[in-house]
Amino acid sequence: MTVCTKILGGDFELANALDARDTSMSQSVYEASRRLLDEIPGYPRSRMWGGSSIEWGRRFLSGNGGSAYIDSDHLEINLPEHTRAADHPLHVLAGFRIAQRARQAALAKLPGRAGRLNLMATVSDGQRSWGAHLNVCVSRRLWDDLFNRKPHLAAAFATHLVTASLFTGQGQVGAGNERAECDYQIAQRPDFFEEFVGWQTTHHRPILNSRDEGHASKSLARMHIIYFDNALAPLANHLKAGTTQLVLAMLEAGWVDPALLLDDPLASAWEVSRDLTLAAPLRLAGRGRKASAVEVQLALADLAGEFIASGELGDAVPGAEEIVACWRETLEMVRRRDLAALARRVDWALKYLVLSRQIGRRGLSWASPEIRALDLRYANLDPLEGLFLQLAAVGQVEAMPADEEIDRAADEPPESTRAYLRAHLMRRLGEQIGEMDWDRIRFRHTHEHYRSASLWLGMPDPARWGKAESDPVLARCRTPKELIAAVGEPEWPEYSSSAAVWGGGGRGWTFQTTSRDW
Amino acid sequence: MEQRERTLPRPAGAGGDPLTGGDGLDVLGANLDGILAEADRILDNLRPINAEEYLQQNRQRGGE
């Protein structure tokens, strides 16, 4: 059985706020998000299509091939498609860099430079939550099996997501969503999850999100993973992406260990997040069996190692052995409860260390406003304010890319996916683009003195049209017509002639939307 | 840099680690001096804020 390439994407909403006291400006998240998006130019220039009252302003970026828009008064950044989990941290940091550049430009335009614009890579303020989603390309068959035919696959995937908080959590002071109080927990999202599966993302959030927006060929689907926190630490992001690629690849190949399934993933989600012993036993589906989150994760890592050795993975997850090695090493740190080692690669541990330090030095408590404010400031994207960025700048965070690498990833597309062709088409023909989505571009076509039918270019396979395949085409084709002849036209969905509703198709819990993130 | 074993500073006034009722996280065999020194320096140089106001100003809408 062939496992499809586990292309990665990501989309995250940022916390943004304008502190504009003593000015006539509106002091609100609404104002902040709009001022930020105004500083991120993109295509198409005219955006008369798509969007809704809460999601609007979508633009694709000719720099890295990703996109940006506003979602519920948050600036949202969408990462370009990429293949290697080891590159995922760089693309996340590049997304932060794009947002931070917008912040600086917006700040310069504030009247009299009054006020402050805060931008934070969090997913909760304790009362409300927003998203930092990981997207992974899977086969349509896996999608259908997981959501419609084989509940053990859904249980296995939920088991991974819930126990992966050990390395994906950013950490949070206190409870969220009016749940029972706690001092500190390892992840921000679990308190906001209330269902096992569902299409919705803004209420009654499900561990498994069935929003079906493939942005690709009908043979592929996109697993939209809404459970995770927004991680800043590079190795946390490497593991978040890589372990999820591997688990989905195993599910696609039928590699499931029924002995590892959690009995109640929702209840375990809250338990794992609040368990600072890192060893609390979770009830498994098998009668009377229990295992801690780290034991479950270690077993998954072992299974992934066997899966790779079997040869069934093929080339579907580049760098698979490297992912498993980092996975096991990190889990051993968790098992040893070695906070000092974890703090260099996992956000919740670094945040806990710094905040605990401040509590001890200043005689504060976890309930102190000063500590709750520091919780937010950890993920502030201003390099002079954010605790994470300052600690990374002085070498306290493992595998942090150099500033120049982050700038390059913000300005250049990945070379192994269709993001490469998308970015270069925008650079060359951006003014002729009338509409675009992740898998298609509509060029405005003027014929003599009148506009004729639009021209559509399609890129249904996210793993195609990287640099090696695109450069020769870009060298010999000049016009949209020539490019379409060389690249191809879109695959149209079964029930629609418009890209605005692509992704429905009547499969499972379908949801047609204008929210389109890779 | 000194290698040593230590546990995290306990919050003042708490009987044991308040997170887990006295069974909190340990820092085993770790070299913490570097990271704690950097943390201290960063914390001491943060822009002063009114924490209550900061929390209020940064309240968000939900999302996704």
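Residues numbered from 1 in each chain as written. Chains lettered and ligands numbered in written order. Predicted model: local features only at pLDDT ≥ 70, side-chain atom pairs only at ≥ 80, totals over all residues. Heavy atoms only, no water.

(A) Highlighting the overall build of chain B. Along its length, chain B carries two helices and two strands. Of the regular secondary structure in chain B, the N- to C-terminal order runs β-β-α-α. Taking all 64 residues of chain B together, the buried fraction comes to 42%. For chain B, the exposed area adds up to about 3,300 Å²; of that, 44% sits on carbon and sulfur atoms. (Helix = DSSP H or I, 4+ residues; strand = E, 2+ residues; numbered from the N terminus. Buried < 20%, exposed > 50% of the residue type's maximum accessible area, 1.4 Å probe, protein only. Areas by Shrake-Rupley, 256 points an atom, 1.4 Å probe, with all protein chains shown as cover.)

(B) Here's a closer look at the overall build of chain A. In terms of regular secondary structure, chain A is built from 17 helices and 19 strands. Scaling as 2.2 N^0.38, a compact globule of 518 residues should have a C-alpha radius of gyration of about 24 Å, and chain A matches this with 22 Å. When its C-alpha atoms are laid out on the principal axes, chain A stretches across 75 × 65 × 40 Å. Looking at chain A as a whole, 64% of its 518 residues are labelled buried. A fraction of 67% describes how many contacts in chain A between residues 6 or more apart in sequence connect residues 24 or more apart. Here chain A displays about 17,700 Å² of accessible surface, and carbon together with sulfur accounts for 49% of that area. Separation of charge centres in chain A, based on 60 positive and 67 negative side chains, amounts to 2 Å. (Rg over C-alpha atoms; globule rule 2.2 N^0.38 Å. Contact = heavy atoms within 4.5 Å. Lys, Arg positive; Asp, Glu negative; His and termini not counted. Charge placed at Lys NZ, Arg CZ, Asp CG, Glu CD.)

(C) Molecular detail of helix α11 (residues 347-362) of chain A. Spanning 16 residues, α11 of chain A covers 22 Å between terminal C-alpha atoms, matching the ideal 22 Å at 1.5 Å per step. Most of α11 of chain A sits inside the fold, with 13 of its 16 residues counted as buried. (Expected span 1.5 Å × (residues − 1).)

(D) Inspection of the interface of chain B and chain A at higher detail. Listed by partner, the interface residues are 44 residues for chain B and 71 residues for chain A. Where chain B touches chain A, the interface holds eight salt bridges. R361 of chain A serves as the salt-bridge partner of D40 of chain B, at 3.3 Å between the closest nitrogen and oxygen. Summed over the shared surface of chain B and chain A, the number is 20 residue pairs in polar contact (both at pLDDT 80 or more). (Salt bridge = Lys/Arg side-chain N within 4 Å of Asp/Glu carboxyl O. Polar contact = N/O pair within 3.5 Å; in protein donor to acceptor, adjacent residues only side chain to side chain.)

(E) Geometry of the packing of aromatic side chains. Residue and element names in this part refer to chain A. Taken as a whole and assessed by the stated rule, the structure comprises ten aromatic pairs over all chains. When the centroid spacing of 5.1 Å and the interplanar angle of 55° are considered together, the rings of F12 and F96 count as tilted. Placement of the pair is F12 in strand β1 (residues 8-13) and F96 in helix α2 (residues 88-108), with a sequence separation of 84 residues. Across the pair, exposure class does not vary: F12 and F96 are buried alike. Ring geometry for W143 and F147: centres 4.4 Å apart, planes at 55°, overall tilted. Placement of both W143 and F147 in helix α3 (residues 140-149) is noted, with a separation of four residues, approximately one turn of the helix. Comparing W143 with F147, the two get one shared label, buried. (Phe/Tyr/Trp six-rings, centres within 6.5 Å; stacked < 30°, edge-to-face > 60°.)

(F) Structural context of the packing of helix α16 (residues 467-476) of chain A against helix α17 (residues 480-487) of chain A. All names here are of chain A. Contact geometry of α16 with α17 gives a least axis separation of 10 Å together with a crossing angle of 145°. Remark: the crossing between α16 and α17 carries right-handed chirality. Contacts between α16 and α17 involve V473, L474 and R476 from the former and E482, L483, A486 and V487 from the latter. Here the residues of the contact of α16 with α17 are counted per class, giving five nonpolar, no polar and two charged. (Axes fitted to C-alpha atoms, helices over the stretch in contact; angles between N-to-C directions. Left-handed = near helix turned anticlockwise from the far one by under 90°. Nonpolar A, V, L, I, M, F, W, Y, C, P; charged D, E, K, R; others polar.)

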